[in-house]
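# Analysis of the macromolecular model
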Amino acid sequence: MCKDLPKKILIVDDDFEIAQLIKISLENDGFITKRAENGLEALSLITEEEFDLIVLDIMMPKMDGLEFCQEIRKTKTIPILMISAKSEDMDRIKGIMTGADDYMVKPFNILELLVRIKALIRRAYYFRQNDQNDGIIELGPLLINKLKYTVTVGEVEIKLTSKEFDILYLLASHPKQVFDSESIFKHVWKEKYFDSNNTVMVHISNLRDKLERIVGYKVIQTVWGVGYKIEI
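Residues numbered from 1 in each chain as written. Predicted model: local features only at pLDDT ≥ 70, side-chain atom pairs only at ≥ 80, totals over all residues. Heavy atoms only, no water.

- The name given to the protein chain in an unreviewed UniProt entry is PhoB family transcriptional regulator, with the source organism recorded as Alkalihalobacillus trypoxylicola.
- UniProt's Subcellular location (unreviewed entry) comment on the protein chain is quoted here verbatim: "Cytoplasm". (UniProt positions renumbered as here; feature names shortened; annotations may be inferred.)

### A look at the pattern of salt bridges
- Scanning the model with the defined rule gives 13 salt bridges in all.
- The partner of Lys23 in a salt bridge is Glu27, with the nearest N and O atoms 2.8 Å apart. Placement of the pair is Lys23 and Glu27 together in helix α1 (residues 16–28), with a separation of four residues, close to one helical turn.
- Linked by salt bridges that have partners in common, Lys8, Lys34 and Glu49 make up one network. (Salt bridge = Lys/Arg side-chain N within 4 Å of Asp/Glu carboxyl O. Helix = DSSP H or I, 4+ residues; strand = E, 2+ residues; numbered from the N terminus.)

### Some words on the domain arrangement of the protein chain
- Along its sequence, the protein chain is carved into domain 1 (8–132) and domain 2 (136–230).
- The C-alpha-based centres of domain 1 and domain 2 are spaced at 22 Å.
- On the domain 2 side, the residues contacting the 16 residues of domain 1 number 17 residues.
- Carbon and sulfur atoms supply 54% of the area buried between domain 1 and domain 2, which totals about 1,600 Å² over both sides. (Domains from an automatic or database assignment. Contact = heavy atoms within 4.5 Å. Buried area = accessible area lost by both parts, 1.4 Å probe.)

### Section: the confidence of the model for the protein chain
- Across the protein chain, the average pLDDT comes to 85, with 91% of residues at 70 or higher.
- Taken element by element, the protein chain is modelled with least confidence in helix α4 (residues 89–97), mean pLDDT 74, and with most confidence in strand β1 (residues 8–12), mean pLDDT 96.
- Ignoring residues within four places in sequence, the model shows residues 126–133, a span with pLDDT below 50, making nine contacts including any to other chains. (pLDDT = per-residue confidence, 0-100.)

### Describing α1
- Look at α1: 18 Å from first C-alpha to last across 13 residues, which is about the 18 Å you get at 1.5 Å a residue.
- One or two positions beyond α1, positive phi appears at Gly30, with a value near 100°. (Expected span 1.5 Å × (residues − 1).)

Now the structure itself:
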């Protein structure tokens, strides 16, 4: 990991044993952790402290993970890794549509969890420095700043998840070029792509909605049967 660690992770899970396993593993790897037993408790903690990533269970009392994710995405772009005992595609899609950046099914391999957490933090907070202008793209009304991980239209910031930002930055870096779902997935997730994987489609849909709400027109075009592109 990077030199200025430790990063602070919020673990939101009502299962003490699983939360404790995650906590011990993260702290052994140099992270600082805090735990909340449900979404309401997590919301309270986030108003008091800054966290670098959230590990979020879905099934919890008082406020579940989906409700929490929807609420937190109104104001924050902090990376969220959602964990759940549910393995169906629709549950994964729901998690992503509410704003999660990644999704793992219980029981999971704790080493894989650590790898995914580090990857999310790396993508969200660290960037290769090539030159002073690299990382800032002006495209139509959009100002995309990879150094700050922000997208603005005038004075208005468009709140995106880290994955949504990465997709937008990829497309905006190559205007008019068409990227298929497999290429986008490999660039952004850096994992093996499966034909049945609809993760990219869900993220593109969310990204489009957020951009169009502010810009007023469709920024990302679909080239049917091929992929996606930006042409402003």
